[in-house]
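Structural description and commentary
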Amino acid sequence: MAEVKLDEKGLVPAIAQNADTGEVLMLGYMNPGSLKRTLEGGEVWFFSRSRSDLWHKGEVSGNYMRVKSAAVDCDGDTLILQVEPDGPICHTGESNCFFTPIEDFPEFYRDETGPGVLEDLFAVIQDRKREMPEGSYTTDLFEGGVPRIAQKVIEEAGEVAIAGVRGDAEQVAEEMADLLYHALVLLSASGARPEDVWEVLRERAG
């Protein structure tokens, strides 16, 4: 039986290749749910990292990809899908997503969206705990100890709930950000890590 290794976000990269020409069309990401739909339905589903939801490739453009076969590499951490595309695959109208040549050393940037932001924020929190800089709110929280941090988590959870009852989506997002920040501080103060939470969630999703 094939084994697929998921990354820390519960995803695996999947390369789509034209089954007739061998042309590499695109790279997407899959979770167990999107792979299951792909294998059972015969059309490619990915997991959208920006929307945190399943994404039926072609649902907007009409250019679906029909799966001829699927395989996993020798390390179990990358999938390749042999597909028949209905039309151009890239949202730009190009036949594939790899049409920008690299002639000089490129500029690099980091995607600041999605769950990776939590990892970055936790790294900052850990640094504050080590250095305890004066004037830092995070330092004040650590100096107050776990009881104070826990109380802030309770307060922020209440604010999220109130915003939700009011149906204020913008306020829910702002209050949820506060809750996540204080929850990460509590994790740090308790000696736990986000990875521990991700592991529990993966087990529950299995």
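From a predicted model like this one, the values you see are computed outputs, not experimental measurements.

The helix and strand tally for the chain stands at 5 helices and 6 strands. Mapped from its N terminus to its C terminus, the chain presents α and β elements in the order β-β-α-β-β-β-β-α-α-α-α. Expected size for 206 residues packed as a compact globule is a radius of gyration near 17 Å; at 22 Å, the chain overshoots this value by more than 25%. C-alpha extents for the chain along the principal axes are approximately 65 × 45 × 35 Å. Residue burial in the chain is summarised as follows: out of 206 residues, 27% are buried. Relative to all contacts within the chain whose residues are 6 or more apart in sequence, the contacts with residues 24 or more apart total 45%. For the chain, the computed accessible surface area is about 13200 Å², with 54% contributed by carbon and sulfur atoms. For the chain, the distance from the average position of its 19 positive side-chain charges to the average position of its 39 negative side-chain charges is 5 Å.

Let us now look at the side chain of Ser48. In this structure, Ser48 sits in strand E3 (residues 45-48). The contacts of Ser48, once residues within four sequence positions are left out, are Asp53 and Trp55.

Of the volumes computed, that of the second largest pocket is approximately 160 Å³. Around the second largest pocket sit Leu118, Leu180, Ala183, Leu184, Leu187, Pro194, Val197, Trp198 and Leu201, which together line it. Those elements that place two or more of their residues in the lining of the second largest pocket are helix H4 (169-190) and helix H5 (194-205). Its residues assigned to classes, the lining of the second largest pocket comprises 9 nonpolar, no polar and no charged.

Tallied over the full model, the rule gives 3 aromatic pairs. Ring geometry for Phe105 against Phe108: centres 5.5 Å apart, planes inclined by 50 degrees, an arrangement best described as tilted. Like Phe108, Phe105 is exposed. One cation-aromatic arrangement involves Arg37 over Trp45; the distance from NZ or CZ to the ring centre is 4.5 Å.

The next point concerns the pattern of salt bridges. Overall, the coordinates contain 9 salt bridges when judged by the stated rule. With a closest N to O distance of 2.8 Å, Lys36 and Glu40 form a salt bridge. Of this pair, Lys36 and Glu40 both sit in helix H1 (residues 32-41), 4 residues apart, which is roughly one turn of that helix. As a salt-bridge pair, Asp196 and Arg193 come within 3.0 Å of each other at their nearest N and O atoms. Among the ionic contacts, a cluster of salt bridges with common partners joins Arg66, Lys68, Glu84 and Asp86.

Membership of the largest hydrophobic core comes to 14 residues, with the highest contact counts inside it found for Met30, Val44, Phe46, Met65 and Val83. Only strand E1 (12-18), strand E2 (24-30) and strand E6 (79-85) provide two or more residues apiece to this core. Listed in part, the 9 residues of the second largest apolar core include Ile125, Phe142, Ile149 and Leu187.

Taking 1.5 Å of rise per residue, the 16 residues of helix H2 (residues 116-131) would be expected to cover 22 Å, and the 23 Å separating its terminal C-alpha atoms lies within 8% of that figure. Three or more residues of H2 are buried, namely Gly116, Phe122 and Ile125. Buried residues in H2 make contact with helix H3 (137-166), H4 and H5. Backbone geometry just after H2 places Met132 at a positive phi near 50 degrees.

A word on a negative patch on the surface. There is a patch of like negative charges on the surface, built from Glu159, Asp168, Glu170, Glu174 and Asp178. At 3 residues, the largest contribution of residues to the negative patch is made by H4. Structurally, Glu170 is set in helix H4. Looking at Glu170, the relative accessible area reads 59%, which means it is exposed.

Note that E1 and E2 share 6 bridges and pair antiparallel. Following the sheet pairing, Gln17 is matched in E2 by Val24.

About the thresholds
- Residues numbered from 1 in each chain as written.
- Predicted model: local features only at pLDDT ≥ 70, side-chain atom pairs only at ≥ 80, totals over all residues.
- Heavy atoms only, no water.
- Helix = DSSP H or I, 4+ residues; strand = E, 2+ residues; numbered from the N terminus.
- Rg over C-alpha atoms; globule rule 2.2 N^0.38 Å.
- Buried < 20%, exposed > 50% of the residue type's maximum accessible area, 1.4 Å probe, protein only.
- Contact = heavy atoms within 4.5 Å.
- Areas by Shrake-Rupley, 256 points an atom, 1.4 Å probe, with all protein chains shown as cover.
- Lys, Arg positive; Asp, Glu negative; His and termini not counted.
- Charge placed at Lys NZ, Arg CZ, Asp CG, Glu CD.
- 1 Å grid on protein atoms, 1.4 Å probe; cavity = no way out; pocket = protein on both sides within 12 Å on 5 of 7 lines; lining within 4 Å.
- Points joined across faces, edges and corners; volume = space filled by probe spheres on them.
- Nonpolar A, V, L, I, M, F, W, Y, C, P; charged D, E, K, R; others polar.
- Phe/Tyr/Trp six-rings, centres within 6.5 Å; stacked < 30°, edge-to-face > 60°.
- Lys NZ or Arg CZ within 6 Å of the ring centre and 35° of its normal.
- Salt bridge = Lys/Arg side-chain N within 4 Å of Asp/Glu carboxyl O.
- Core = buried A, V, L, I, M, F, W, Y, C linked by side-chain atoms within 4.5 Å.
- Expected span 1.5 Å × (residues − 1).
- Patch = residues over 30% accessible without salt bridge, like charges linked within 9 Å, V, L, I, M, F, W, Y side chains within 5 Å.
- Pairing = 2+ DSSP bridges.

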